[in-house]
Amino acid sequence: MAMVCLSDFEAYAKKYLPKTAWDYFAAGADDCNTRDENILAYKRIRFQPHVLRDVSMMDIRTKILGTEISFPVGIAPTGFHQLAWPDGEKSTARAKAMNTCYIASTYSTCTLEEISAAAPGGLRWFQLYIHRNRTVSRQLVQRAEALGFQALVLTADLPYTGKRRDDIRNGFCLPPHMKLKNLERDFEGDDRSEYGLPPNSLDPSITWNDIYWLQSLTHLPIIIKGILTKEDAELAVRHGVQGIIVSNHGGRQLDEGPATIDALVEVVEAVRGRVEVYLDGGIRKGSDVLKALALGAKCVFIGRPALWGLAYKGEEGLQDVLRILQDEFRLSMALAGCARVSEIGRHLVQFSKL
């Protein structure tokens, strides 16, 4: 079967992954409206292409926090990669041949040390959940910095886990051989929930002041993930973060919230260029990447499509997913009349009235 677009990888993963693993990756909260809207919202944005522009030499590189990447797509933090491929996050990290950014999750099934060793030259950021046991979180941050991770991504939209109906119906739990390797020793002897940690181990009391606490622990730039409003974007800037990821957790937390591409506009306007703004959720084509950049995103991150690539053929499958997105993005740019990323702007798109 020829793998031509990302939906081909989705179909493969749905067919060949165990049902509980597929349902876990695919799950949205409640009715899954926000999950689905993340994708549908792109269809309401139309291009306004410009012609007779010299697009014979294309440059799709960009920089995030000063580091150059081959094109403006990175790998979002997602958990439990061993559910998709035996080598798990080590295979994800090895897809560095595409020269982009990988955000490793707190809930990885490989250790930070294993991820770092798998791709010693790669651009890696570390995603953090803050736990009630602050010593656990502090040690994770310090390990990540010591291992050469270049930024800290704080997930801000998960004080509690959203209700994902299929996981409940399936009685989802990690297979016995699979562990949350970065937290394995921290909760020894405790009862474990379906996600491999003690129930209520996350700290729901975190506030904006905890940004200052993180800043006291690390010299790494801090990016906050889960911003959807101009008010929170302004607060993020005021508290000294270096970046914002517009995200609704893939529609897995609060259902009926905005699609991320819709929320992007007000976040970008609120930030006014003071910090970099990124986006995840709903990216399925290279033209989606172009739309996000036209509306002000510096880079986008893919979650589920990366897992589909892993399920297909490990690091090689993930590289195939990234390569398809890269080729589609380059083509969309050229057909819209842009030869360089710096030429992409708001003039390229309009919102459909449909």
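Residues numbered from 1 in each chain as written. Predicted model: local features only at pLDDT ≥ 70, side-chain atom pairs only at ≥ 80, totals over all residues. Heavy atoms only, no water.

## Quick notes on the layout of surface pockets
Alright, step 1. Reported here for the largest pocket is a volume of approximately 800 Å³.
Alright, step 2. The wall of the largest pocket is formed by 46 residues, among which Tyr129, Leu158, Arg164, His249 and Arg252 lie closest to the centre.
Alright, step 3. Going through the elements one at a time, helix H2 (19-26), helix H3 (33-40), strand S11 (299-302) and helix H12 (304-336) are the ones with two or more residues in the lining of the largest pocket.
Alright, step 4. Looking at the lining of the largest pocket, its residues break down into 22 nonpolar, 16 polar and eight charged.
Alright, step 5. Looking at the second largest pocket, its volume works out to about 260 Å³.
Alright, step 6. The set of elements that each furnish at least two residues to the lining of the second largest pocket consists of helix H8 (209-217) and strand S8 (222-227).
Alright, step 7. Tallying contributions element by element places S8 first for the lining of the second largest pocket, with three residues.
Alright, step 8. In terms of residue class, the lining of the second largest pocket is made up of 11 nonpolar, two polar and three charged. (1 Å grid on protein atoms, 1.4 Å probe; cavity = no way out; pocket = protein on both sides within 12 Å on 5 of 7 lines; lining within 4 Å. Points joined across faces, edges and corners; volume = space filled by probe spheres on them. Helix = DSSP H or I, 4+ residues; strand = E, 2+ residues; numbered from the N terminus. Nonpolar A, V, L, I, M, F, W, Y, C, P; charged D, E, K, R; others polar.)

## A few points about the UniProt feature "binding site: glyoxylate" (unreviewed entry) in the protein
Alright, step 1. If you check UniProt for "binding site: glyoxylate" (unreviewed entry), the listed places come out as Tyr24, Tyr129, Arg164, His249 and Arg252 in our numbering. The subset of these annotated residues that lines the second largest cavity comprises Tyr129.
Alright, step 2. If you trace the backbone, Tyr129 turns up in the loop between strand S6 (123-128) and helix H6 (134-146).
Alright, step 3. Given the relative accessible area of 9%, Tyr129 is considered buried. (UniProt positions renumbered as here; feature names shortened; annotations may be inferred. Buried < 20%, exposed > 50% of the residue type's maximum accessible area, 1.4 Å probe, protein only.)

## Notes on empty space enclosed by the protein
Alright, step 1. Within the structure shown, the criterion is met by two cavities of 30 Å³ or more.
Alright, step 2. Taken together, Tyr129, Ile130, Thr155, Leu158, Pro159, Leu202, Asp203 and Ile206 form the lining of the second largest cavity.
Alright, step 3. Partitioned by chemical class, the residues of the lining of the second largest cavity number six nonpolar, one polar and one charged.

## Let's talk about the pairing of strand S7 (residues 152-155)
Alright, step 1. The alternating pattern of S7 places Leu152 and Leu154 and Val153 and Thr155 on opposite faces, both of which are buried.
Alright, step 2. This β-α-β element, S6 to H6 to S7, shows right-handed connectivity.
Alright, step 3. Of the strand pairs in this sheet, S7 and S8 are connected by four bridges, and their pairing is parallel. Directly across from Thr155, in S8, lies its bridge partner Lys225. (Right-handed = clockwise from strand over helix to strand, strands pointing away. Pairing = 2+ DSSP bridges.)

## Quick word on the environment of Asp203
Alright, step 1. Here Asp203 shows up in the loop between helix H7 (165-170) and H8.
Alright, step 2. Put simply, Asp203 and Tyr129 are 74 residues apart on the chain and 8.4 Å apart in space, counted from C-alpha to C-alpha.
Alright, step 3. A polar contact is formed between the side chain of Asp203 and the side chain of Ser205, at a distance of 2.6 Å. (Polar contact = N/O pair within 3.5 Å; in protein donor to acceptor, adjacent residues only side chain to side chain.)

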